[in-house]
Amino acid sequence: MDTFTPLNKNAFLAALGALDCALSGAQALAEGRHLAYALVRPPGHHAERRLFGGFCYLNSAAAAAEYLSAFGRVAMLDIDYHHGNGQQDIFYRRSDVLTVSLHGHPRFAYPYFTGFDDERGEGEGEGFNLNLPLPESLDGRGYRQALERALKRIEAFNPQFLVVALGLDSAKGDPTGTWSLRAKDFEANGQMIGMLGLPTLVVQEGGYRNRTLGLNARSFLVGLAAASTRRSDQRREVRDRMRSVVFRREPDPGDPERIRRLVSQTGFFSPAEVDVAEELVRERLQRGEASGYHFILAEHFGQLAGYACFGPIACTTASYDLFWIAVHPDFQGRGLGRRLLTQAERLIRESGGQRIYVETSQRVQYDSTRAFYDAAGYRLESVLPDFYAPGDGKAVYCKILPR
Ligand SMILES: [Zn+2]
C-alpha cells in the first residue's frame, strides 16, 4: 500500500523470523508465563489481510493474538505513534479479540486512510475496535490521559491475555513522529499497563531514533515489570485471604452491628435498606428458626466478609425468598458472592425447597446484580413496572432447583 516496503530477497525470511519470535512469546504466555517480550524487526502492525506497508510484511502481534485467542479473550493495545490498521482489519468482525489503538490523527499521520474514531468494528465485532486519534503535538501527560481511556476499555472487556504492539516512535525527536515522550513517560506508560495485572506479550513495532530507542524500550519494560509483579503479588495475597474464609450458619449477638457495618461499607444500599438488614438478623436472634430468616455468614479472622439471608415464603409448599447477598469491598470480585449463593441453594434444597425467588430493582445501579443472577442460572420471571418509584420497576428472578 506504499512505496517504502520493498520485497527484496530477505524480506520474507526476516518477516517470518519476527512472526516466529512473537509466536514463541505467545506460547510462553499460554504455558503460564506472566510477561514476554518479542524484540523484532521488521515491525508488523500495518500488515492487513490483503495489504502490507509501513515497513510491515506480516502482522506478528496479530498472529500472536490469534494463537492466544484459542485459550481465552485477547486484548490488543497498540501504542505505536501510527495507527494499528493491520490488527484492526484482521479482527474487525470478531468480538473475542478487542483491538485498541492510540495514534497520531490520520489527517496528518500515516497511514492516513484509517484510524478514525468512527471505525468501531463490524457485525459481531461492532464495538470491539477502539481508535483514539490524538493531536499533532502531545506530551507525556496528554498521552497518559488517552492511555487511561484505552485501559478502561480493556478492563471492561476483561480479557485473559494482553498483546501490546509497542512502538517507540512516540518519543521526542523520532523522525516519523511529532510527539515528545521521554524515558520517564515510557516508564509511566509501562506501569499503567502493568497495573492491569494481565499476562502480557509485548511485541516491538516502530521507533526510529536510535539514540534514545534502547533507553525508552528499557524504561517501558522496567515500568511494566515492576507494576505487573506488584499487581500479581496483590492477587496472590487476595487468593490467600480467600483461602482462610470460614462459613457459619448461626448468627451471634455481635452480628447485627457487623452486618450493619458491612452493608453500609458496600456503599450500595440506602440507609433504610441498611436498617432492614440489621432488623432481619435481630429478629433471627430473638425468635430463632421460627423467624423464617436463615443466614450464611462468611468470616475472615473475626471480620465479616459477606453473608446471605434467605427463608421460606409463607403459604407456599416449596418456595424460598433470597433476601440478601452482601460482600465486603475487600472481598469483592473473588467469587465469594457466588459461594454464598451456592451454599444458600444447597441448604434450601436440603430443606425441601424447589424454587428460589430474588427481587431486584430495574435501575441501572442494579445492572451488576442482575448479571450476577443471570450467570447463576436465575431467569427473569416477571416485571412490575413502577413498583419502587415511577420509572423504577421490580424485576423478579427465579431459579428452579434440580431435584
Ligand atoms: Zn509507527
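Residues numbered from 1 in each chain as written. Predicted model: local features only at pLDDT ≥ 70, side-chain atom pairs only at ≥ 80, totals over all residues. Heavy atoms only, no water.

Considerations on the sheet that holds strand β13 (residues 392-400)
Part 1 of the reasoning: Ordered in space as β7-β8-β9-β10-β11-β13-β12, the 7 strands form an open sheet in which the pairing is mixed. A single partner strand is all that each edge strand has here, and the edge strands are β7 (246-248) and β12 (379-389). Strand-to-strand twist of the sheet, defined as the mean angle between neighbouring strand axes without regard to direction, takes the value 25 degrees.
Part 2 of the reasoning: Summarising the sheet, β7 and strand β8 (residues 294-300) pair through 3 bridges and their orientation is antiparallel. (Pairing = 2+ DSSP bridges. Helix = DSSP H or I, 4+ residues; strand = E, 2+ residues; numbered from the N terminus. Axes fitted to C-alpha atoms, helices over the stretch in contact; angles between N-to-C directions.)

A look at the packing of helix α4 (residues 140-157) against helix α5 (residues 183-194)
Part 1 of the reasoning: Where α4 contacts α5, the two axes come as close as 11 Å, and the packing angle between them is 15 degrees. Relative to α5, the element α4 lies roughly parallel. Note on packing geometry: the crossing formed by α4 with α5 is right-handed. Contact residues: G140, Y143, R144, L147, E148 and L151 in α4; D185, A188, N189, M192 and I193 in α5.
Part 2 of the reasoning: Here the residues of the contact of α4 with α5 are counted per class, giving 6 nonpolar, 2 polar and 3 charged. (Parallel < 35°, antiparallel > 145°, perpendicular 65-115°, else oblique. Left-handed = near helix turned anticlockwise from the far one by under 90°. Contact = heavy atoms within 4.5 Å. Nonpolar A, V, L, I, M, F, W, Y, C, P; charged D, E, K, R; others polar.)

Things to note about the coordination of the zinc ion
Part 1 of the reasoning: Looking at the zinc ion, the protein donor atoms are D80 (OD), H82 (ND1) and D169 (OD), and they sit 1.9 to 2.1 Å from it.
Part 2 of the reasoning: Along the chain, the residues that donate to the zinc ion are spaced as D-x1-H-x86-D. Note that D80 is positioned in the loop between β2 (74-78) and α3 (85-90) and D169 in the loop between β5 (161-166) and α5, a separation of 89 residues in sequence.
Part 3 of the reasoning: Residue classification places D169 among the buried residues on the basis of a relative accessible area of 0%. (Donors = N, O, S within 2.8 Å, 3.2 Å for Na, K, Ca; no water. Buried < 20%, exposed > 50% of the residue type's maximum accessible area, 1.4 Å probe, protein only.)

Concerning the environment of L213
Part 1 of the reasoning: Secondary-structure assignment places L213 in helix α6 (residues 210-243).
Part 2 of the reasoning: Spatially, the C-alpha atom of L213 lies 71 Å from that of G288, the residues being 75 residues apart in sequence.
Part 3 of the reasoning: Once residues within four sequence positions are removed from consideration, L213 is found in contact with L168, G207 and Y208.

Remarks on the pattern of salt bridges
Part 1 of the reasoning: Counted under the stated rule, the structure contains 24 salt bridges.
Part 2 of the reasoning: Between R284 and E250 there is a salt bridge whose closest N-O contact spans 3.0 Å. With R284 in helix α8 (residues 271-287) and E250 in the loop between β7 and α7 (255-265), the pair connects residues that are 34 residues apart, well separated along the chain.
Part 3 of the reasoning: Of the residues examined, R284 reaches a relative accessible area of 4% and is grouped as buried.
Part 4 of the reasoning: The residue R258 makes a salt bridge to E299 at a minimum N-O spacing of 2.7 Å. Of the two residues, R258 sits in helix α7 while E299 sits in strand β8, which places them 41 residues apart along the sequence. One exposure class covers both R258 and E299, and it is buried. (Salt bridge = Lys/Arg side-chain N within 4 Å of Asp/Glu carboxyl O.)

Here's the deal with a nonpolar patch on the surface
Part 1 of the reasoning: A cluster of nonpolar side chains, contributed by L384, F387 and Y388, occupies part of the molecular surface with about 280 Å² of accessible area.
Part 2 of the reasoning: Along the polypeptide, L384 turns up in strand β12. (Patch = residues over 30% accessible without salt bridge, like charges linked within 9 Å, V, L, I, M, F, W, Y side chains within 5 Å. Areas by Shrake-Rupley, 256 points an atom, 1.4 Å probe, with all protein chains shown as cover.)

Points about the pairing of β5
Part 1 of the reasoning: Counted residue by residue, β5 has 6 buried out of 6 residues, so it is predominantly covered.
Part 2 of the reasoning: Residues F161, V163 and A165 line one face of β5 and the alternating positions L162, V164 and L166 line the opposite face, and both faces are buried.
Part 3 of the reasoning: Examined bridge by bridge, β2 and β5 share 5 bridges and lie parallel to one another. By the bridge assignment for β5, M76 is matched with V163.
Part 4 of the reasoning: Bridge count between β5 and strand β6 (residues 200-204): 5 bridges; the pairing is parallel. Among the inter-strand pairings, A165 is bridged to a residue of β6, identified as V203.
Part 5 of the reasoning: The parallel pair β5 and β6 is bridged by α5, and the resulting crossover is right-handed. (Right-handed = clockwise from strand over helix to strand, strands pointing away.)

Topic: the packing of aromatic side chains
Part 1 of the reasoning: A full pass over the atoms with the stated rule returns 16 aromatic pairs.
Part 2 of the reasoning: Taking the centre distance of 6.0 Å and the plane angle of 70 degrees together, the rings of F128 and F157 count as edge-to-face. Of this pair, F128 sits in the loop between β3 (97-104) and β4 (129-134) while F157 sits in helix α4, placing them 29 residues apart in sequence.
Part 3 of the reasoning: Classification of F128 by relative accessible area gives partly exposed; the value is 21%.
Part 4 of the reasoning: Classification of F157 as buried rests on a relative accessible area of 2%.
Part 5 of the reasoning: Ring geometry for F269 and W324: centres 4.9 Å apart, planes at 65 degrees, overall edge-to-face. Here the residue F269 occupies a position in the loop between α7 and α8, and W324 occupies one in strand β10 (residues 319-327), the gap between them amounting to 55 residues.
Part 6 of the reasoning: These aromatic residues form a ring-pair network of at least three members: F4, F55, Y110, Y112 and Y208.
Part 7 of the reasoning: Above the face of the F157 ring, R73 is positioned so that its terminal group lies 4.2 Å from the ring centre.
Part 8 of the reasoning: R241 extends its terminal NZ or CZ atom over the ring of F331, reaching a point 5.5 Å from the ring centre. (Phe/Tyr/Trp six-rings, centres within 6.5 Å; stacked < 30°, edge-to-face > 60°. Lys NZ or Arg CZ within 6 Å of the ring centre and 35° of its normal.)

Limitation: the analysis is restricted to geometry and does not speak to function.
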